[in-house]
Structure formats: C-alpha cells, structure tokens
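Overview (structure and organization)
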Amino acid sequence: MIEETEFLAPGHRMCAGCGVALSARIAVNTAGKDTIVVSPTGCMEVTTTQYPETAWRVPFLHVAFENAASAASGIDSALKMLGKRENKNILVFAGDGGTFDIGLQALSGMFERGHKVTFICNDNEAYMNTGIQRCSATPYGAWTTTSPPGKYSIGESKPKKPIARIAAAHCIPYVATATIAYVADYQKKLKKALAVDGPSFIHVLAPCPSGWRFASDELIEVSRLAVQTGVFVLWEVENGEMENLKITKKIPQRKPVEEYLKTQGRFKHLFKPVLRKDVIGQIQAEIDKKFERFGL
Amino acid sequence: MAWRIIEGNQALAIGAKLCRPKVIASYPITPSTHVPETISEFVADGELKADFINVESEQSAISACIGAQATGVRTFTATASQGLALMHEMLYIASGMRLPIVIGCANRALSAPINIWCDHSDTMAERDAGWLQFYAENNQEALDLVLQAYKIAENKEVLLPGMVAIDAYTLTHTFERVDVPSQAEVDRFLPPYKPLYAFLDPEKPITQGSFGTPEHYMEFKYSQQKAMEASKEIIDQVFKEFDGKFKRRYHKIEKYKADDAEILLLTMGSMSGTAKDAVDRLREKGIKVGLAKFTVFRPFPAKELIEIAKRPKVLAVVDRNISLGHKGALFSDATSALASMERRPLTVNFIIGLGGRDISPQNFYEIVEKSEKILKKGKVEKELEWIGVKKEMIP
Ligand SMILES: Cc1ncc(C[n+]2csc(CCOP(=O)(O)OP(=O)(O)O)c2C)c(N)n1
Ligand SMILES: [Mg+2]
C-alpha cells in the first residue's frame, strides 16, 4: 500500500497503530497531489500540524472543531470563483466527534447545499484527543472516561448513532462505509466518492489502540473482526437511492460478537469479574436484528 | 458618483459589492437581513460576480468565509447581535490566521431579554477578538467605511479582519441621501485581492490553522498586536487617500466644536448626530461643550484621544453598552489611555440607549448639565450614571 509519493509524511506524531493515521494515509495517497485537505480539531489535526512543522504535502486547512464542512464549503466556492475548481479534490478528514456531534449541523448544511466535497469520518468511537470521552459514536457497553462501568452502569448506555444512514438520508450522490482492514474496498469507494459531482461521505471505522485498549499490532485484526462479526457493515449508496443500498462485503458466516469484544480492554468489564451474558447477549441480538431488518 | 436614497443596510451591501468580494456567506438576522437579501439580488442579476453561500448558521457563515479567504479570495458577510455572538469562536480564528475578511454588522442588543433594537453590546463583546472596528454615524459612512475597511485590512502591514458597525434601525432601516461612488472609482481605490500568504494551492502546498505550542503561541499574538499598532498609521494613510479620491475625510476620532470645549462628549455611532445637534443648542446658550466621535474603536486611537483631551476639563463618555460589573467599554479604554497624561480631565461615564431606548437631545442636555456640576465642583462624585432608566420600575 506504500505509494510512490506519500502525501502524509512520516514523522507525524500519531500513535503507533492508529487507525485514523492509516485511513488518512490511504485516502490522501489515493486522492493524489491535487487535493486540499480540511480537518476539524482532533487527534489527527494536532498531531500532524505542530507549528512550524507540518506532515502534509498537500494544502491543509484547520479552522475549529465544529465547522470543517463549512470551511470546506468556502473552499469549494472560492476555487469555483477563481476558475480553479476542475480536477481538484477537497477532502475532509473528521473525527467521529467532529462528524456525529458538534459538526453535524455544518455537515448537513454542506450536504444540502451540494458542495463538491468528500467528507471522510475517521471514526474511533470517542473523543480521543481530549482523552477518550464518550460521544454519540461510542457503542453500547463500551468503557470511556465519561461512560465508566460501575455499580449502576455497564459503560456506554446508548446505541451508536447511524451516521452513514443519516448522511444517506440527505440523498447526496455517494455514501459508503469502509474500514482500514479492507483497503481495496475503501480505495474503490473513495475513487467513486471523488468522482461524483456533489457531496460524498465515507464513514470509516478507524480503531484506536490507546482508547479501545488493544495492542498496536492488532489494528487490522480488530478492524477485520468488526466486519466479520457484523458490528460494522460495509455498504454503499449511489445517486442518493437508499433503496438500492449495496452490501460490498458479504459475511456469510458471521462470527459471534464476543470474539470482537474480547479483543478490546474497553469491553473487559463485560467479561470480568463476572461474565455479563445479558449485555453481550443484547449486543448480539441488536446485530442479529440489524441483519434481519436489512436482509443482510 | 451618483446620489441615491438608500438605507444603511443597502449602504453596506452596495459598499461590499463595489469591493467585488468573490464569496459571500450569510445568514439572516434582524436588523441585518436586508444586507444578504440585497447582495443575493446583485448576484442573481449578475451585477456581482460572486458565489453566494446560503449557509445554515452564522457560525458556518464566518467559517465558509474563513475557508474561502484561506483559499485566496476576498469575502464578505453580514450579521448582528446573536449572529455575531455565534461567530465568536471563529472571529478569533480569522484574526489569528490573518485573514482580512470584512463583516458588516448591525449593532443590536444581546439577549436576554431578546431584543432586536440598537445598542453596541454585540460588537463591544468582540473588541478583544483581533478585528479592526469601525463605527458609522450615517449611511454615507457605512458605505465609505466598507471600502476603506478592505483597503486597511488587506494592507500587508495589517492583514487583519475588520468589522463595519452600523446602528440598528437608526441606520439599518433609515433612508438617507448617499453619494455612491462608481465601480471605476472604487477599482482605482481598491485593487483586486491578491493573497500574500493565505492560499490553498496544490502547486504550493502550505498548512493553515496550525497547532501552536507554548513555544510559538505568544509570538503569534505579539505579531497580531504589532499589526494592530501598525494599522494606526495605515488607517490614516487610507483615510487620506480616500479623501483625495472621494472628497470625504475620515478621522479615527472626529472632532465637533471640540477645540475650545470645556466639556467634551465622547460618542460612537448614530447617537453622534443627535449629540451634535444638542451641542449646537447648548453653544447658543454659551455653554462650552464639544464632541469627539470614535469612528475607529480598534485599534484604540489612544494618541489622538490624549491630544483631544488636553484642553477640556470634563470628558463625558457616552457608552451605548455596559460591561456588566464594571463600566462602558469606551469609558474603560478611554480612561486607561488617559492615565498616562500629566494633567488629565475629569471623566464620567453615561450609559445610554440600551436595547433601542431612544436617544434624544434631552438626554444630552441632562448629560451636559451633570457634567457642568462636575466642572463646578472640580470632582466626580458618581463615575457611572444611567441616562433614562426608569428606576421606579425596578423592585
Ligand atoms: C468548541 C470545542 N469544544 C471542545 C473542544 C475540545 N476538543 C478538541 S478535539 C475533541 C475531540 C475530538 O474527537 P473526535 O472528533 O472524535 O476526533 P478524535 O480526536 O477522536 O480523532 C474535543 C472534545 C474544542 N476544541 N472545541
Ligand atoms: Mg474520535
């Protein structure tokens, strides 16, 4: 996967085994030189742009946490007015917090206005930059520093917000989910996203060894298990036609979710000191229900 | 040039159009809404070649302007009150990134209680944000200040964003005769925008909006302050050049019958017109009163104020805002500027016209009467006075 030219230079300050780093690298290398990257505040932004250095070999803009989509909209308009819009990609790399929560309004506005921007959400399922706090992308049952398990808590109490479906509900030209364990699938989707004339959105599951509590060399394995257990489904919707949602990675033999949960310390309270069969069972039941409902 | 009868909002919109911004992003808010409406018509009719982004909030309006300006084009937006407050976080970012964006702001009170009428609390709350601030007395000034704001903001010694503030209703919705310059005249005054440092070009990739550690952050702020200081000179140059081209002379502080005044009113915005009228009447009665109007509030024209404050014995600072827990913003800044004077005049602060409470000549007669008492006694007993408050309504 190492490209001839790396547009995200080595020597940045992201953690070893960071899913976001890998996702960004795959994406920016696939998009190529004529790409402008926009990023809201978050792990990736602070670790790649420390003044006076930068890890970006393409133009890069950070403004704030909640407004990457609006800033990207401004870039799209400005390039059009300069007569320089042709053959250029505008790529947003946003965390789940900057997408699902604080950035959602700006994102919805950008979709609705139809800016030609590819918005990639690198989802590590919590506010990692501020030290692993829960957000609406955090899955049910997960430990974070603000969803700690305890006498009256099993960890995160709410299910994950279905962000890609919310994006697809805007009827934009292209929406997909992807993960770094299936690079070819991710790259294919990214190329489609960049080719459409309008907004596109890719929800990328990007595990975080520090926040999920797994060893950094297990990144790909954890990402793959998320797909193989049905926790994360790989699909795409083209031309805003939700009814034509296409599963891009079929999983004929789904593994039990326990196999995925066991790999990560953020779920360890579900196994020890007592095995929480009820909670794990509920997580499994939700996945089964999802597969049934969508005929997966 | 052509005489036209227009409201203040149109003056801002026409001023902006004449500066040929390439991207405008805006969101409606009373009493500023006519600005984006007017500009969207210019764009729809092809009078202005620009992309008008109908964003979903003021926060996105300023964010889109930041994105566009960082790409390398001139931008404009307009707002008021809650809208400006919603932009707050990005205002600091725009100035920190040294993007010379210009905002047209209708001065409107801040909630609560929600109120759509005039006072200066909204822009005063942003006085530390690193933006140049200009306040108009009338619609002609509204238009002229937009042209000059761009020219000052984009100067390479400055590179700071600027806001042109006009009073809600008294200006935004009031029709006045305005001398509208021709496009050719403005083009000769304001050259096309060419970004010096801020662009997003794959042929020359740079990173904007970096992470600044304690090792570098202070230098960023120091350079912003230096730019503010440098802008003082540039403002004078641009005001002079404008006068040469358009025959209207602006000053950071405009004096009115101030040279021999014993009592000097310090004012801002549209109240200055009413105050000048009051000054005329009081002069007829032999009272030595004058006025100094702040057209520029940021950078704060301390040097000019000190010069003006040498002769009068009482400075009556009239603030259409209140920094709750202290005093009006103009008073705070004015008195701190005067602190270095060897013999400084007595200073008193009058709070007036909050939330659109009407400001009449009578208010200024009262202010001057109170100032005369101070003059006689030779001391200030009450530093903060509220004008026109119905104290009997407060339990
Ligand atoms: C308005 C605002 N609120 C809060 C923060 C603090 N903050 C910075 S990054 C961050 C979390 C980022 O989370 P996410 O978007 O998921 O990206 P990650 O760091 O996890 O990759 C938070 C809460 C901020 N910078 N701005
Ligand atoms: Mg995150």
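All figures in this text were calculated on a predicted structure; none of them were measured in a lab. Chains are numbered independently. Their residues run from 1 in the order of the written sequence. In the order they appear in the text, chains get letters beginning with A and ligands get numbers beginning with 1. The predicted origin of the model limits local features to residues at a pLDDT of at least 70 and limits the giving and counting of side-chain atom pairs to 80 or more, whereas totals for whole chains, interfaces and linings rest on all residues. Only hydrogens and water are set aside; all other atoms, that is, all heavy atoms of the structure, feed into the side-chain values.

1. Here's the deal with the overall build of chain B
- Secondary structure is summarised from DSSP: a helix means a run of H or I of at least four residues, a strand means a run of E of at least two, and numbering begins at the N terminus for each. Along chain B, the regular secondary structure elements total twelve helices and 16 strands.
- Rg of the C-alpha trace for chain B: 21 Å, near the compact-globule value of 21 Å for 395 residues, within the 12% margin.
- The buried label applies to any residue whose accessible area, calculated with a 1.4 Å probe on protein chains only, is under 20% of its type's maximum; exposed applies above 50%, and partly exposed to all values in between. Expressed as a percentage of its 395 residues, the buried residues of chain B come to 59%.
- A separation threshold of at least 6 residues defines the contact pool for chain B, and within that pool the share at least 24 residues apart is 80%.
- To measure how exposed things are, a 1.4 Å probe is used in the Shrake-Rupley method; for residues, cover is taken only from the protein chains shown. Here chain B has roughly 16,100 Å² of accessible surface; of this, 53% comes from carbon and sulfur atoms.
- The sign given to each residue is positive for Lys and Arg and negative for Asp and Glu; His and the chain ends receive no count. Note on charges: their place is set at NZ of Lys, CZ of Arg, CG of Asp or CD of Glu. Once the 50 positive and 52 negative side-chain charges of chain B are each reduced to a mean point, those two points are 5 Å apart. Taken over C-alpha atoms, the radius of gyration is set against a globule rule of 2.2 Å times the number of residues to the power 0.38. Contacts are assigned to residue pairs that have any heavy atoms within 4.5 Å of one another.

2. Comments concerning the site of ligand 1
Residues and elements named next belong to chain A.
- A molecule or strand has a residue near it when one of that residue's heavy atoms lies within 4 Å. Near ligand 1, the surroundings consist of 17 residues, among which Cys43, Asp96, Gly97, Gly98 and Met128 are the closest.
- In protein, a polar contact means a hydrogen-donor-capable atom and an acceptor-capable atom, both N or O and within 3.5 Å, with residues adjacent in sequence counting only if both atoms are side-chain atoms; elsewhere, any N or O pair within 3.5 Å suffices. For ligand 1, an oxygen atom lies 2.8 Å from a polar atom in the backbone of Cys43.
- In this structure, Asp96 approaches ligand 1 through a side-chain N or O atom, which is 3.0 Å from an oxygen atom.
- When isolated, ligand 1 has an accessible area of 580 Å², and the protein chains bury 77% of it.

3. A closer look at the coordination of the magnesium ion (ligand 2)
Residues and elements named next belong to chain A.
- The donor set comprises N, O and S atoms within 2.8 Å of the metal, extended to 3.2 Å for Na, K and Ca; water molecules are omitted, so apparent gaps in a site may simply reflect that omission. On the protein side, the magnesium ion (ligand 2) has Asp96 (OD), Asn124 (OD1) and Ala126 (O) as donor atoms, found 2.0 to 2.1 Å from it.
- Mapping the donors of the magnesium ion (ligand 2) onto the primary sequence yields the spacing D-x27-N-x1-A.
- Judged by relative accessible area, Asn124 falls into the buried class, the value being 7%.
- For Ala126, a relative accessible area of 4% gives the class buried.

4. Digging into the nonpolar core
- Counting residues in each nonpolar core, the largest one holds 125 residues, and the members touching the most others are Trp56, Phe93 and Phe201 of chain A together with Ile66 of chain B.
- Once you skip the residues sitting within four places of it in the chain, Phe201 of chain A turns out to touch Thr99, Leu107, Phe111, Phe119, Cys121, Ile163, Ala164, Ala167, Ile172, Tyr174, Val175 and Ala176 of chain A.
- Ala142, Leu160, Val178 and Val296 of chain B belong to the second-largest nonpolar core, a separate cluster that totals 50 residues. Here, nonpolar core refers to any group of buried Ala, Val, Leu, Ile, Met, Phe, Trp, Tyr and Cys residues whose side-chain atoms link them within 4.5 Å.

5. As for the interface of chain B and chain A
- Taken together, the contact between chain B and chain A spans 39 residues of the former and 39 residues of the latter.
- A buried area of about 3,000 Å², summed over both sides, lies between chain B and chain A, and 64% of it is on carbon and sulfur atoms.
- Any carboxyl oxygen of Asp or Glu within 4 Å of a side-chain nitrogen of Lys or Arg constitutes a salt bridge here. Linking chain B with chain A are three salt bridges.
- Residue Lys33 of chain A is joined to Glu203 of chain B by a salt bridge in which the shortest nitrogen-to-oxygen separation is 2.8 Å.
- If you look at where chain B meets chain A, you find 15 residue pairs in polar contact (both at pLDDT 80 or more).
- Here the element with the most residues in the side of chain B that touches chain A is helix H3 (residues 58-71) of chain B; it accounts for nine residues.
- Taken together, the residues of the side of chain B that touches chain A sort by class into 18 nonpolar, 14 polar and seven charged. Here the quantity called buried area is the total loss of accessible area, with a 1.4 Å probe, experienced by two parts when brought into contact, counted for both. Charged means Asp, Glu, Lys or Arg here, nonpolar means Ala, Val, Leu, Ile, Met, Phe, Trp, Tyr, Cys or Pro, and polar covers whatever is left, Gly included.

6. Description of the domain arrangement of chain B
All names here are of chain B.
- Domain extents, as shown, originate in an automatic or database domain assignment. Here chain B is described as being made up of domain 1 (2-246) and domain 2 (253-393).
- Of the residues lining the interface, 28 residues belong to domain 1; the matching set on domain 2 comes to 25 residues.
- Summing both partners gives a buried area of about 2,000 Å² for domain 1 against domain 2, and 56% of it is carried by carbon and sulfur.
- Taken together, the links from domain 1 to domain 2 amount to four salt bridges.
- One salt bridge in this structure joins Asp167 and Arg320, with 4.0 Å as the shortest N-O distance.
- Joining domain 1 to domain 2, the criterion identifies 14 residue pairs in polar contact (both at pLDDT 80 or more).
- Contributing elements (two or more residues each) for the side of domain 1 that touches domain 2: helix H5 (121-124), strand S6 (132-135), helix H6 (139-153) and helix H8 (217-246).
- Of the residues forming the side of domain 1 that touches domain 2, the biggest block, six residues, is contributed by H8.

7. Quick word on the pairing of strand S11 (residues 263-267) of chain B
All names here are of chain B.
- S11 sits mainly inside the fold: five of its five residues count as buried.
- Every second residue of S11 is oriented toward a common face, with Ile263, Leu265 and Thr267 on one face and Leu264 and Leu266 on the other, all of them buried.
- Whether two strands pair depends on DSSP finding at least two bridges between them. Sheet topology note: the S11/strand S12 (residues 289-294) ladder contains five bridges and is parallel. Within S12, the position partnered with Leu265 by the bridge is Leu291.
- Consider the strands pointing away from the viewer: the crossover is right-handed when the path from the first strand over the helix to the second runs clockwise. Handedness of the crossover is the feature at issue here: the chain leaves S11, passes through helix H9 (residues 271-284), returns alongside S12, and the resulting connection is right-handed.

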